[in-house]
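Descriptive analysis of the structure
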Amino acid sequence: MNFLELTKKRRSIRQFISKEVEKEKLNYILECARFAPSAVNIQPWLFFVVQSDTKKRELQKAYPNRWIDSAPIYIVACADFEQSWKRSYDNKDHADIDLSIAIEHICLAATEQGLGACWVCNFDPSICSQALELQNSIYPVAIIPIGYYNTELKPSNRKAIEKVVKFI
Ligand SMILES: Cc1cc2nc3c(=O)[nH]c(=O)nc-3n(C[C@H](O)[C@H](O)[C@H](O)COP(=O)(O)O)c2cc1C
């Protein structure tokens, strides 16, 4: 599978089967996240791998859509805003950019390993922070449910290339 094929294969998976995710695959995915680039190589991230039923239930309270319950694993990608790089010109914080790259590495790595994943940002961050007992500078950016799936997916819907690319 070349990179374009991988990017097209990666889809938001919102229904999982109960098959367990192998430890090696999980480690591989986390290693792909760890090697993501970040501004000034600060790596201002922390990844929580949530597998216990108790913690999963606590996290599920942060996201009201029940499809997420079917995932065997949640990775919660958190940013450390005390560490992240701020551009001197305008103080722009780069934590969200750094985290986004790492999160997409997770989603693409999961896809390559035959697993499904989904970015989830529409959750209540205070419930999530409480569940993970996060200190103030650590902020949950995305919950990424991961697991096996067997759903058929419609082709991706994307804007035409002429609409989003300008050669000048
Ligand atoms: C930053 C971000 C936040 C997202 N948050 C959610 C979410 O909270 N819930 C959800 O079901 N999907 C979420 N998604 C998935 C998008 O809906 C999805 O990527 C988009 O519809 C394109 O579909 P595809 O991923 O299958 O290509 C999010 C995606 C991104 C990149």
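Residues numbered from 1 in each chain as written. Predicted model: local features only at pLDDT ≥ 70, side-chain atom pairs only at ≥ 80, totals over all residues. Heavy atoms only, no water.

Here the focus is empty space enclosed by the protein. Summed over all chains, the structure comprises one cavity of 30 Å³ or more. Computed from the structure, the largest cavity encloses a volume of approximately 30 Å³. Forming the walls of the largest cavity are K9, R10, R11, I13, T111, L115, G116, A117 and Y149. Per-class residue counts for the lining of the largest cavity are four nonpolar, two polar and three charged. (1 Å grid on protein atoms, 1.4 Å probe; cavity = no way out; pocket = protein on both sides within 12 Å on 5 of 7 lines; lining within 4 Å. Points joined across faces, edges and corners; volume = space filled by probe spheres on them. Nonpolar A, V, L, I, M, F, W, Y, C, P; charged D, E, K, R; others polar.)

Counted by the stated rule, this structure contains three aromatic pairs. On the numbers, 6.0 Å between centres and 35° between planes, the contact of W45 with F47 is tilted. When the centroid spacing of 6.1 Å and the interplanar angle of 75° are considered together, the rings of F81 and Y139 count as edge-to-face. You can see F81 sitting in the loop between β2 (73–80) and α4 (95–112) and its partner Y139 sitting in strand β4 (residues 138–147), a full 58 residues away along the chain. Judged by relative accessible area, F81 falls into the partly exposed class, the value being 29%. (Phe/Tyr/Trp six-rings, centres within 6.5 Å; stacked < 30°, edge-to-face > 60°. Helix = DSSP H or I, 4+ residues; strand = E, 2+ residues; numbered from the N terminus. Buried < 20%, exposed > 50% of the residue type's maximum accessible area, 1.4 Å probe, protein only.)

Between helix α3 (residues 53–60) and helix α5 (residues 125–132), whose axes approach to 8 Å, the crossing angle comes to 160°. On the basis of the axis angle, α3 is roughly antiparallel to α5. Relative to α5, the crossing made by α3 is right-handed. The segment α3 lies against α5, with K55, E58 and L59 engaging I127, C128 and A131. Partitioned by chemical class, the residues of the contact of α3 with α5 number four nonpolar, no polar and two charged. (Axes fitted to C-alpha atoms, helices over the stretch in contact; angles between N-to-C directions. Parallel < 35°, antiparallel > 145°, perpendicular 65-115°, else oblique. Left-handed = near helix turned anticlockwise from the far one by under 90°. Contact = heavy atoms within 4.5 Å.)

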